[in-house]
Each structure stands twice: as structure tokens, then as C-alpha cells.
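For reference, the chains in residue letters:
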Amino acid sequence: MEWQELTDLTRGQPFVVERVRLAGSDIAIEGRFEPPQLAQLGPDDQVFVAAFVRSHGSIKEMERIFGVSYPTIKSRLNRIAEQLDFVETDPEPAAGAADVVDRLQRGEISVQEALSQLDRPR
């Protein structure tokens, strides 16, 4: 069964996957799994996201494909984005030595703070 068929069957209601079988194998995993966020979008939104990715994020290309205006594309992207959780993978990257020196020169940190940051293991 494809995701679109599943979302059609569930009519937009949340669902949980309880069993997964690896294709071409007798291995099955049981438990409670939420489908990926993109699979939880409606079929039309899934097509829209796929088109956006295939057009390399070009809103001009999206306007051409869907025959709608820039504000319509932006509005739909914003609506879809509100449905997706974004995960910060590196919220505060470690400052490099050049960054520490720059902050010191601008007076944002003291010499002691700069030395402490430069001594931290990476």
C-alpha cells in the first residue's frame, strides 16, 4: 500500500503504524511508529512539496507548474511549514578561534571569557 492510499483511507485522521516489514525480506518490526511528517501531509501537499524539491526551491518554477501567483505559492509553503516540526541539529555551534577574537575585538566578551572559550575542547 502506498502512502497516498493510506492517507485516503484515514481521511486525514492521525494514525499509528504498528508493524513494518522490510521489502524483500521476512524481517518484520512490531511496535508503535508514527509515520514520517511528510507522509502525514495530505496527498495534494505531498505533491506540492515534491514539486518544490524537484524545482530546487524555485518559486518561479512553482508558479509555472501550478499556474498560480507568487503570493499563493508562499502562502501554501507557509501553511505546510506550520504543519512540520523543525529540529535544530546544531543550535549553538562551537565558536572558532576567529569568532572568539572577533567578539573580543568588538568588546562583546572579556579577555578572560575569550581565553576560557579558546581553552574548551572541541
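Our subject in this report is the structure included herewith.

On to a nonpolar patch on the surface, then. Residues Val20, Leu22, Ile27 and Ile29 make up a contiguous nonpolar surface patch of about 310 Å² in total accessible area. Of note, Leu22 is situated in the loop between β1 (17-21) and β2 (28-33).

Our focus in this paragraph is the pairing of β2. The side chains of a regular strand alternate between both faces of the sheet. Judged from the 4 bridges that link them, β1 and β2 form a sheet pairing that is antiparallel. Considered in β2, the bridge of Val17 is made with Phe33. Hairpin connection between β1 and β2: a loop of 6 residues separates the two successive antiparallel strands, and Gly24 in this loop has a positive phi of roughly 75 degrees.

Running from N to C, helix α4 (residues 59-66) and helix α5 (residues 70-82) point in directions that differ by 105 degrees, and their axes come no closer than 9 Å. Overall, the two elements α4 and α5 adopt an arrangement that is roughly perpendicular. Between α4 and α5, the contacting residues are Ile59, Met62 and Glu63 on the first element and Tyr70, Ile73, Lys74 and Leu77 on the second. Grouping the constituent residues of the contact of α4 with α5 by class yields 5 nonpolar, no polar and 2 charged.

Cut-offs applied
Residues numbered from 1 in each chain as written. Predicted model: local features only at pLDDT ≥ 70, side-chain atom pairs only at ≥ 80, totals over all residues. Heavy atoms only, no water. Patch = residues over 30% accessible without salt bridge, like charges linked within 9 Å, V, L, I, M, F, W, Y side chains within 5 Å. Areas by Shrake-Rupley, 256 points an atom, 1.4 Å probe, with all protein chains shown as cover. Salt bridge = Lys/Arg side-chain N within 4 Å of Asp/Glu carboxyl O. Helix = DSSP H or I, 4+ residues; strand = E, 2+ residues; numbered from the N terminus. Pairing = 2+ DSSP bridges. Axes fitted to C-alpha atoms, helices over the stretch in contact; angles between N-to-C directions. Parallel < 35°, antiparallel > 145°, perpendicular 65-115°, else oblique. Contact = heavy atoms within 4.5 Å. Nonpolar A, V, L, I, M, F, W, Y, C, P; charged D, E, K, R; others polar.

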